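For reference, the chains in residue letters:
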Amino acid sequence: MLDPADRLDLPDGIRLDGAEVVDDVRGERFAVNPAAVTVLRGAGETLGTAAGRLGAHWGLPPEQARTDVLSFAWSLNDALLANVLPGRARHERILSWIALALRLLPAGQLPHRVARRVGLDTTTVARAAVSGALAVVARSTAIAVVVAGVLAHLWLLAGAAATLEPIALGTATGAGLILHEAGHAAALVRVRAAIALTGRRTMVLHEPLLGARASLVALAGPAVPACLAACLATAALGTGDATAALAACPLGGHAVAATMLCGDGRTACGL
Amino acid sequence: MWALRPFVLGGAATAAVAYVFAAAAGLVAAAAGVELTVALGPVVLVAVELDGPTTATTIGAGLVVVGLVGAVANVIAAAMLRRRRDRGRIA
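Residues numbered from 1 in each chain as written. Chains lettered and ligands numbered in written order. Predicted model: local features only at pLDDT ≥ 70, side-chain atom pairs only at ≥ 80, totals over all residues. Heavy atoms only, no water.

Another aspect to go through is the interface of chain A and chain B. Taken residue by residue, the interface counts 26 residues in chain A and 23 residues in chain B. Both faces combined, the contact of chain A with chain B buries some 1900 Å², and carbon together with sulfur accounts for 82% of it. Counting the surface chain A buries against chain B, the share from its top three residues, Leu237(A), Met260(A) and Leu271(A), is 29%. Joining chain A to chain B, the criterion identifies five residue pairs in polar contact (both at pLDDT 80 or more). Considered class by class, the residues forming the side of chain A that touches chain B number 18 nonpolar, six polar and two charged. (Contact = heavy atoms within 4.5 Å. Buried area = accessible area lost by both parts, 1.4 Å probe. Polar contact = N/O pair within 3.5 Å; in protein donor to acceptor, adjacent residues only side chain to side chain. Nonpolar A, V, L, I, M, F, W, Y, C, P; charged D, E, K, R; others polar.)

Let us now look at the pairing of strand S2 (residues 14-17) of chain A. All names here are of chain A. Sheet topology places S2 next to strand S3 (residues 20-23); four bridges connect them, and they run antiparallel. In the sheet register, Leu-16 faces S3, and the bridge partner there is Val-21. Between the end of S2 and the start of S3, which pair antiparallel, lie two residues, with Gly-18 showing a positive phi angle near 65°. (Pairing = 2+ DSSP bridges. Helix = DSSP H or I, 4+ residues; strand = E, 2+ residues; numbered from the N terminus.)

All names here are of chain A. For the structure on display, the rule yields 10 salt bridges over all chains. Of the charged contacts, one joins Asp-23 and Arg-26 as a salt bridge, the two residues approaching to 2.6 Å between their closest N and O atoms. In this pair, the class of Asp-23 matches that of Arg-26, namely buried. Here Arg-127 and Asp-121 are joined by a salt bridge, their closest N and O atoms 3.2 Å apart. On the basis of relative accessibility, which here comes to 48%, the residue Arg-127 falls in the partly exposed class. With a relative accessible area of 28%, Asp-121 lands in the partly exposed category. One connected set of salt bridges, linked through shared partners, spans Asp-17, Glu-20 and Arg-29. (Salt bridge = Lys/Arg side-chain N within 4 Å of Asp/Glu carboxyl O. Buried < 20%, exposed > 50% of the residue type's maximum accessible area, 1.4 Å probe, protein only.)

All names here are of chain A. Structurally, Ala-65 can be placed in helix H3 (residues 62-78). By relative accessible area, which is 1% here, Ala-65 ends up buried. For the pair Ala-65 and Ala-50, spaced 15 residues apart in the sequence, the C-alpha separation amounts to 8.7 Å. Sequence-distant contacts of Ala-65, that is, excluding residues within four places in its chain, are made with Ala-51, Leu-54, Gly-55 and Leu-60.

Residue and element names in this part refer to chain A. Read across the open sheet, the three strands follow the order S2-S3-S4; overall the sheet is antiparallel. With partners counted over all chains shown, the strands left at the sheet margins are S2 and strand S4 (28-31), one partner each. Within the sheet, the average angular offset between the axes of one strand and its neighbour, ignoring direction, is 25°. Taken together, the four bridges between S3 and S4 define a ladder with antiparallel strand orientation. What sits directly across from Val-22, in S4, is Arg-29. (Axes fitted to C-alpha atoms, helices over the stretch in contact; angles between N-to-C directions.)

Residue and element names in this part refer to chain B. In spatial order, the strands read S1-S2-S3; together these three strands make up an open sheet with antiparallel pairing. In this open sheet, the two edge strands, each paired with only one partner strand, are strand S1 (36-40) and strand S3 (54-59). Looking at each pair of strands side by side, their axes are set apart by 10° on average, direction ignored. Sheet topology places strand S2 (residues 43-51) next to S3; six bridges connect them, and they run antiparallel. Its bridge partner lying in S3, Ala-47 is registered against Thr-58.

Put into structure tokens, the structure is as follows:
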């Protein structure tokens, strides 16, 4: 859902080199046409301004220039080569989203979400872990709030008065995502890397790696929350704290990511 | 030796998940004052025994069995993925 008031932004690791968009993180180059170069040189300005400049330069009708620029920005964003910074107030975007969702309802689909790519500072292990955690903290908080809210509702429906368990489970679910991505990021020290948030997926992009380093990066993500879960469960068994044991469950679930069921496990095994 | 890594990873991951969930199930049952035994035949995974005011939660050898099952399942999945990948290369 793009709007002419939105702005195109090239994230860290993406640059324009002549007639090519270069992704230094993934080590890829993408050829673009002269019209696209015109739009990319104006990165930072609104898509509406870029459309006006494109129309004036190539003699296009305003509506066609607008459609072309929005489609191009959409394609770049979809390929994780550019971020689209919202130009409208949050409530306007929410209303637009609801309107589009209602139109898509007969097709049983939801509006496609704009992807966001954040460069990671991998100069040291600590910086890499912190920048990885910060990249997903907003998403993790949202997940934690939703999970805690849904579970609290179920708890109440079940007639239980306890409120600590849903909060603990929600917090652990959100923290699991932070620890998972921070683990991947920490293993990527001194490797160009970025985190991409697309729809429901969270991906770590990095330079192509081989052998043991690739396995280490893949396993570090699931290993961090899973190890914490094992420690938490052991402490809970020692103290008899059922809430802590419950909180360990969402963290322990990340261990599944190290199996063939998930991309991390397949990468770790070279598949 | 390609199977070693999926075997170890599958076993460790399955055992970790089983351990955490068994601990949670055991402690929740203990908190609720309910006796609980989860066993794979004669091999106990988790047992909660109530003895008056005291409660004993035990994680048993079933954890090893679950880990082995997970390890073998992961190796089978890896073999299937390898076969599919090799077929793709030939095609």
